Number of protein chains: 2
Amino acid sequence: MNPKAFHAMSYGVYVVSTWDNGRPTGCTANCAAQITAAPATVMVSINKDNYTNKCIAECGHFAISILAENSDPSIIGTFGFRSGKDFDKFADVPYAVKDALPVVTDSCAYIACRVINTMDSPTHTVFLGEVIGADVLSDNPPMTYAYYHGVIKGKTAKNAPTYLADEAQPAGKYVCSVCGHVYTGNIPFEQLPEDWACPICGQPKSVFKKA
Amino acid sequence: MNPKAFHAMSYGVYVVSTWDNGRPTGCTANCAAQITAAPATVMVSINKDNYTNKCIAECGHFAISILAENSDPSIIGTFGFRSGKDFDKFADVPYAVKDALPVVTDSCAYIACRVINTMDSPTHTVFLGEVIGADVLSDNPPMTYAYYHGVIKGKTAKNAPTYLADEAQPAGKYVCSVCGHVYTGNIPFEQLPEDWACPICGQPKSVFKKA
């Protein structure tokens, strides 16, 4: 089996959100898809180790915010590389409540769902949701997973289905030890100010290591 | 609910294939995704009205051929707009048997699976497959659903989850009544030879109607 074959599958980049006892929470996901047209249903795949998994199961509802190419990339890091258990992911990310669910407003569309079925897999739960509301939020092009990797130079979270332990690290570059973001700026990394933070996950300069 | 929100989700273009009592068959799909990394599993969503659905359930195995941007677009029409019940879809489409499953060779990668779980939805079955083999077949860029719609000017099959009954038809253009392909060539449609065929589904010139 050549796992590079999986890289040829195409995805978007999404924030899947729900309520945690009245507090908004969520996580980044790339596995979301429309399953049926009428009635409209969509699925999301969420790692069982993600705090969001438990919260969706308890709430019975979730929203998908579809990130755009120009969405702030730190949203991906905030929702993808930190746990919502002890951290308020929505504290610094603008959101609105739509169809009674928290939605990231710096996105191009959202879909709100009520869970109607689930499917178990070795590490992830697939939630099937009946769509209760959906709207376009901007006409910016949707961010694809290929764009995230190729243009934003983002990496894959360990809990993502598409994670490969042997993702190559570029030699000599500074890499964020939290989210894997590779620094490619023109300013030499050593010259960056001490309060500089990872543009993906917001962690301080000190967590970067030379690959 | 604004169904245009669904258009912001990103997909690839795939042929999902299996055996029908020893005969290869399959259908076009855009809903396929990796669900877990270790062990590797992937899902596909197949309409219950598609003959391929019954064949996957009976065979217990399926393969995903990941189409590339330069894959022959008639493959999409052959597998997406005709039923495999009475038609041999693989008759004119080159394929190879890989990991004991038929795979479209004019693609950039394939993933072979054994069904380990299913999830029911109103019109589609979601098949979860444990990956038994996968490989890269070419380094051509994968075809995205956006590329199919935007560059190849392809339409959505009625059995696809993303089908919208009100997909707009461009006024004054000739449109294939079988697959919805809009003729955009430089030669006036009326001047095309009588043996000209739809590049997407292979149907004759006579099935085109002026929108």
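All values reported here derive from a predicted model rather than from experimental measurement.

The rules behind each value
- Residues numbered from 1 in each chain as written.
- Chains lettered and ligands numbered in written order.
- Predicted model: local features only at pLDDT ≥ 70, side-chain atom pairs only at ≥ 80, totals over all residues.
- Heavy atoms only, no water.
- Helix = DSSP H or I, 4+ residues; strand = E, 2+ residues; numbered from the N terminus.
- Rg over C-alpha atoms; globule rule 2.2 N^0.38 Å.
- Buried < 20%, exposed > 50% of the residue type's maximum accessible area, 1.4 Å probe, protein only.
- Contact = heavy atoms within 4.5 Å.
- Areas by Shrake-Rupley, 256 points an atom, 1.4 Å probe, with all protein chains shown as cover.
- Lys, Arg positive; Asp, Glu negative; His and termini not counted.
- Charge placed at Lys NZ, Arg CZ, Asp CG, Glu CD.
- Buried area = accessible area lost by both parts, 1.4 Å probe.
- Salt bridge = Lys/Arg side-chain N within 4 Å of Asp/Glu carboxyl O.
- Polar contact = N/O pair within 3.5 Å; in protein donor to acceptor, adjacent residues only side chain to side chain.
- Core = buried A, V, L, I, M, F, W, Y, C linked by side-chain atoms within 4.5 Å.
- Least-squares fit on C-alpha atoms with pLDDT ≥ 70 in both.
- Disulfide = S-S within 2.5 Å.
- Pairing = 2+ DSSP bridges.
- Axes fitted to C-alpha atoms, helices over the stretch in contact; angles between N-to-C directions.
- Phe/Tyr/Trp six-rings, centres within 6.5 Å; stacked < 30°, edge-to-face > 60°.
- Lys NZ or Arg CZ within 6 Å of the ring centre and 35° of its normal.

Caption draft 1: View of the overall build of chain A. Secondary structure assignment for chain A yields three helices and 11 strands. Scanning chain A from its N terminus toward the C terminus, one meets helices and strands in the order β-β-β-β-α-β-α-β-β-β-β-α-β-β. Here the C-alpha radius of gyration of chain A, 17 Å, is about what a compact globule of 211 residues would show, namely 17 Å. Overall, chain A is about 55 × 40 × 35 Å in size when its C-alpha atoms are taken along their principal axes. Considering chain A as a whole, with its 211 residues, one finds that 53% of them fall into the buried category. For chain A, contacts bridging at least 24 residues in sequence account for 63% of all contacts bridging at least 6. When the accessible surface of chain A is summed, it comes to about 8700 Å², and 51% of that surface belongs to carbon and sulfur atoms. Charge separation in chain A, taken as the distance between the mean sites of 16 positive and 19 negative side-chain charges, equals 8 Å.

Caption draft 2: Local environment of unusual backbone geometry. For the bond running from Ala38 of chain A to Pro39 of chain A, omega is -5 degrees, close enough to zero to count as cis. Checked against the element boundaries, Pro39 of chain A lands in the loop between strand 3 (32–36) and strand 4 (41–47). Positive phi is not limited to glycine here, since Asn21 of chain A has a value of about 50 degrees. Assignment of secondary structure puts Asn21 of chain A in the loop between strand 1 (14–20) and strand 2 (23–29). Look at Asn21 of chain A and you get exposed, because its relative accessible area is 75%. Although it is not a glycine, Asp99 of chain B sits at a positive phi angle of roughly 50 degrees. The topology assignment puts Asp99 of chain B in the loop between strand 6 (95–98) and strand 7 (101–104).

Caption draft 3: Expanded view of the interface of chain A and chain B. Counting residues at the interface gives 53 residues for chain A, matched by 53 residues for chain B. Summing both sides of the interface, chain A and chain B together bury roughly 4000 Å²; the carbon and sulfur share of this comes to 71%. Ranking the residues of chain A by area buried against chain B places Met9, Gln34 and Met119 of chain A at the top, with a combined share of 17%. The interface formed by chain A and chain B contains zero salt bridges. Where chain A packs against chain B, one counts 12 residue pairs in polar contact (both at pLDDT 80 or more).

Caption draft 4: Structural detail: the pattern of salt bridges. Applying the stated criterion across every chain yields a total of 10 salt bridges over all chains. Among the ionic pairs, Glu130 of chain A bridges to Arg114 of chain A, the shortest N-O distance being 2.6 Å. Highlighted residues: Glu130 of chain A in strand 9 (residues 124–136) and Arg114 of chain A in strand 8 (residues 109–120), separated in sequence by 16 residues. For Lys54 of chain B, the salt bridge is made with Glu58 of chain B, and the minimal N-O distance between the two is 3.6 Å. Of this pair, Lys54 of chain B and Glu58 of chain B are both found in helix 1 (residues 51–59), four residues apart, which corresponds to roughly one turn of the helix.

Caption draft 5: Structural detail: the environment of Ser121 of chain B. Mapping Ser121 of chain B onto the fold places it in the loop between strand 8 (109–120) and strand 9 (124–136). Taking C-alpha positions, Ser121 of chain B is 27 Å from Pro102 of chain B, a pair spaced 19 residues apart along the chain. Beyond its immediate stretch of four places on either side in the chain, Ser121 of chain B contacts Ile35, Thr36 and Leu128 of chain A together with Lys48 of chain B. There is a polar contact of 2.7 Å between the side chain of Ser121 of chain B and the backbone oxygen of His124 of chain B.

Caption draft 6: Representation of the nonpolar core in the model. Ranked by internal contacts, the top residues of the largest apolar core, which has 118 residues, are Ile64 and Ile111 of chain A together with Ile64 and Ile111 of chain B. Among residues more than four places away in sequence, those in contact with Ile64 of chain A are Tyr14, Val15, Ala32, Val42, Val44, Ala109, Tyr110 and Ile111 of chain A together with Met9 of chain B.

Caption draft 7: Inspection of the relation of the copies chain A and chain B at higher detail. Screw-axis analysis of chain A against chain B gives a translation of 0.0 Å along the axis, an RMSD of 0.1 Å, and a rotation angle of 180 degrees. Considering both components of the superposition, the chain copies are consistent with a two-fold axis. A symmetric contact is evident, with 100% of the interface residues of chain A recurring at the interface of chain B.

Caption draft 8: The state of the cysteines, seen in detail. Residue and element names in this part refer to chain A. Inspection of the entire model under this criterion finds zero disulfides over all chains. With no disulfide of its own, Cys31 has Cys27 as its nearest cysteine by sulfur position, at a separation of 11 Å. Note on Cys31: relative accessible area 1%, which makes it buried.

Caption draft 9: Structural detail: helix 1 (residues 51–59) of chain A. All names here are of chain A. All of the buried residues along helix 1 are Tyr51, Thr52, Asn53, Cys55 and Ile56. In this structure, the buried residues of helix 1 make contact with strand 1, strand 2, strand 4, strand 5 (61–66), strand 8 and strand 9. Positive phi shows up at Gly60, right after helix 1, with a value of about 80 degrees.

Caption draft 10: Molecular detail of the sheet that holds strand 8 of chain A. Residue and element names in this part refer to chain A. The seven strands lie next to each other as 2-1-5-8-9-4-3, forming an open sheet whose pairing is antiparallel. One side of each edge strand has no neighbouring strand; the edge strands of this open sheet are strand 2 and strand 3. For this sheet the average axis-to-axis angle between neighbouring strands, irrespective of direction, equals 35 degrees. Here strand 8 pairs with strand 9 via 11 bridges, running antiparallel. Each residue of the ladder has a partner; that of Met119, found in strand 9, is Val126. Along the sheet, helix 1 makes contact with strand 1, strand 2, strand 4, strand 5, strand 8 and strand 9, crossing strand 1 at roughly 55 degrees.

Caption draft 11: Region of interest: the packing of aromatic side chains. Residues and elements named next belong to chain A. Within the structure shown, the criterion is met by 20 aromatic pairs over all chains. Here Phe79 and Phe90 contribute two aromatic rings whose centre-to-centre distance is 4.9 Å and whose plane-to-plane angle is 70 degrees, an arrangement assigned as edge-to-face. Taken together, the positions of Phe79 in helix 2 (residues 74–80) and Phe90 in the loop between helix 2 and strand 6 (95–98) put the pair 11 residues apart, joining distant regions of the chain. The residues Phe79 and Phe90 share a single accessibility class, namely buried. When the centroid spacing of 5.7 Å and the interplanar angle of 85 degrees are considered together, the rings of Phe189 and Trp196 count as edge-to-face. Among the aromatic side chains, those forming a connected cluster through ring pairs are Tyr174, Tyr183, Phe189, Trp196 and Phe208. A cation sits over an aromatic face here: Lys205 above Phe189, 5.6 Å from the ring centre.

Keep in mind these values describe shape, not function.
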